[in-house]
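Coordinates in review
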Amino acid sequence: MARFILGIESSCDDTGAAVVSSDRRIASNVVVDQAALHAAFGGVVPEIAARAHAEKLDVAVDAALRKADLALGDMDAIAVTAGPGLIGGVLSGVMMARGLSAGAGLPVIAVNHLAGHALTPRLTDGLTFPYLMLLVSGGHCQLLIVKGPNSFSRLGGTIDDAPGEAFDKSARLLGLSQPGGPSIEAAARNGDASRFKLPRPLLDRDGCDMSFSGLKTALRRERDILIEAQGGLHRSDQCDLAAGFQQAVTDVLVEKTRRAATLYLAEQPLRPTIAVAGGVAANTSIRAGLETLSQEFDMAFTAPPLRLCTDNAAMIAWAGHELVEAGLTNANALVARPRWPLDTSKAALLGSGKKGAKA
Ligand code: KG4
Ligand code: ZN
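Starting from 1, residues in each chain are numbered consecutively following that chain's sequence as written. Chain A is the first chain written and ligand 1 is the first ligand written, with later ones labelled in order. Whole-chain, interface and lining totals are the exception, using all residues; otherwise, since this is a predicted model, local features are given only for residues with pLDDT of at least 70 and side-chain atom pairs are given and counted only at 80 or more. Each side-chain value is derived from all of the structure's non-hydrogen atoms; neither hydrogens nor water enter the calculation.

**Quick notes on the site of ligand 1**
Rules: Only a single heavy atom is needed: when it lies within 4 Å of a molecule or strand, its residue is near that molecule or strand. Whenever a nitrogen or oxygen atom comes within 3.5 Å of another N or O atom, the pair is scored as a polar contact, on the condition that within protein one atom can donate a hydrogen and the other can accept it, and that pairs from neighbouring residues in sequence are kept only if both atoms are in side chains. Throughout, the Shrake-Rupley method with a 1.4 Å probe supplies accessible areas, and for residues the shown protein chains are the sole cover considered. Note on conventions: DSSP H or I runs of at least 4 residues are helices, E runs of at least 2 residues are strands, and numbering of each starts at the N terminus. All the domain ranges listed were derived from an automatic or database domain assignment.
Close to ligand 1 lie 20 residues; Gly138, Asp168, Gly181, Glu185 and Asp311 are nearest. Between an oxygen atom of ligand 1 and a main-chain N or O atom of Gly138, the distance comes to 2.7 Å. Here ligand 1 loses 91% of its free accessible area of 550 Å² to cover by the protein chains. Of all the elements in the fold, those that place two or more residues in the shell around ligand 1 are helix 5 (163-173) and helix 6 (180-188). No other element matches helix 6, which puts four residues into the shell around ligand 1. Mapped onto the domain boundaries, the shell around ligand 1 takes at least three residues apiece from domain 1 (4-119 + 308-357) and domain 2 (129-307).

**Looking at the packing of aromatic side chains**
Under the convention used in this document: Think of it this way: a Phe, Tyr or Trp ring, Trp meaning its six-membered ring, pairs with another when their centres are within 6.5 Å, and the plane angle makes it stacked under 30 degrees, edge-to-face over 60, tilted otherwise. Relative accessibility decides the category of a residue: with a 1.4 Å probe and only protein chains considered, values under 20% of the type maximum give buried, values over 50% give exposed, and everything between is partly exposed. Whether a charge sits over a ring comes down to the Lys NZ or Arg CZ being within 6 Å of the ring centre and within 35 degrees of the ring normal.
Tallied over the entire structure, the rule returns two aromatic pairs. Between the aromatic rings of Phe129 and Tyr131, the centroid separation amounts to 6.2 Å while the plane-to-plane angle is 5°, which identifies the pairing as stacked. Judged on exposure class, the residue Phe129 and its partner Tyr131 are both buried. Measuring from centroid to centroid gives 5.1 Å for Phe167 and Phe245, while their planes differ by 90°, and the two rings are edge-to-face. Of this pair, Phe167 sits in helix 5 while Phe245 sits in helix 8 (residues 235-267), placing them 78 residues apart in sequence. Across the pair, Phe245 and Phe167 agree in class, each one buried. Here Arg122 stacks its cationic end above the ring of Phe129, 3.7 Å away from the centre of that ring. Looking at Arg337, its charged tip hangs above the ring of Trp340, at a distance of 3.9 Å from the centre.

**Re the pattern of salt bridges**
For the record, the criterion: The salt bridge definition used is simple: a Lys or Arg side-chain nitrogen within 4 Å of an Asp or Glu carboxyl oxygen.
Within the structure shown, the criterion is met by 16 salt bridges. The residue Glu185 makes a salt bridge to Arg189 at a minimum N-O spacing of 3.9 Å. Take Glu185: its relative accessible area is 11%, and that puts it in the buried class. The exposed category is assigned to Arg189, whose relative accessible area is 62%.

**Things to note about the confidence of the model for the chain**
The cut-off we apply is this: Confidence scores per residue from the predictor, reported as pLDDT, run from 0 to 100. Note on contacts: a residue pair qualifies if any of its non-hydrogen atoms lie within 4.5 Å across the two residues.
The predicted model of the chain has a mean per-residue pLDDT of 93, with 97% of residues at 70 or higher. Of the regions scoring below 50 in pLDDT, residues 352-359 engages in 37 contacts with residues more than four places distant in sequence or in other chains.

Take a look at the structure:
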């Protein structure tokens, strides 16, 4: 018989609660976003986020159970994001899980948020281990070999901004709306990517590590030259800069994934699969670049639907099932952690942007 896990997610600016069954059915997936609360500040304010999570978690849990037409007593366990992320929000979620556990006598499983993202293609597409994963969002950027629910090998990641963060900051520089990814993608559709020579950071260096903050600085420089010369930006300037920026990010992600695919296939020639997750995976140019790359390597390409790419609690509940299935429920202590690398054998990456720790 299918078992049910209640998932709880509150590591950044989305309050999530979801019920997922052990046979991969998402019975409910509630996300309460906080965008309106942070809009005036141009980024996520940790204290505001933590307070909003504390206020909305019980509402989200209640809605998730109701939509699933189940009660807390029908759950077999609670899975909660215990890190990495903004510590106030993570603490709110862990406390909520502890309270529910004490009240209903349910075990609590501590889940790594990044593992939730990385395991999503197993929930959506039933992928088998191992596979190569590019995780790209507003707060994360990693190339991973996913080997098991608690077994990840990091091939590379960003040493400064995450790509989504770079999209958001660049949109602000160009006077485009937030979140920056969709507005840059829309402007880029009418732009000429070749007009401005923007850098492809770290492509001259070996390995799979990435950097996006210099790209944003280069964009600012080109923008300032235009403003100095003509007193402002024309719509065509916005579109050309957006197109140049998007092309540069695409080139960097595709080239670093190409290197990762080569390393991956040397280790796992019989499992040729690339999966992508995170909000930036919604970008058509990046998706197309990765799809072409996977065809070049004769690898299967999997991209979960957007609502499961962005932050949500269904991925946390699913990661809980994975840990139960593998007998690893005690592998992670239930403590709230701002940093929690998936691959502890690798040195920590630099950088901790507006949405929390990168590694
Ligand atoms: O995964 P996500 O919802 O939240 C976390 O960061 O954890 O990702 C949000 C990020 C934002 O930075 C947003 O600008 C970016 O994903 N994004 C996009 C697109 N849609 C969302 N970036 C590029 N192109 C898009 N179409
Ligand atoms: Zn995330």
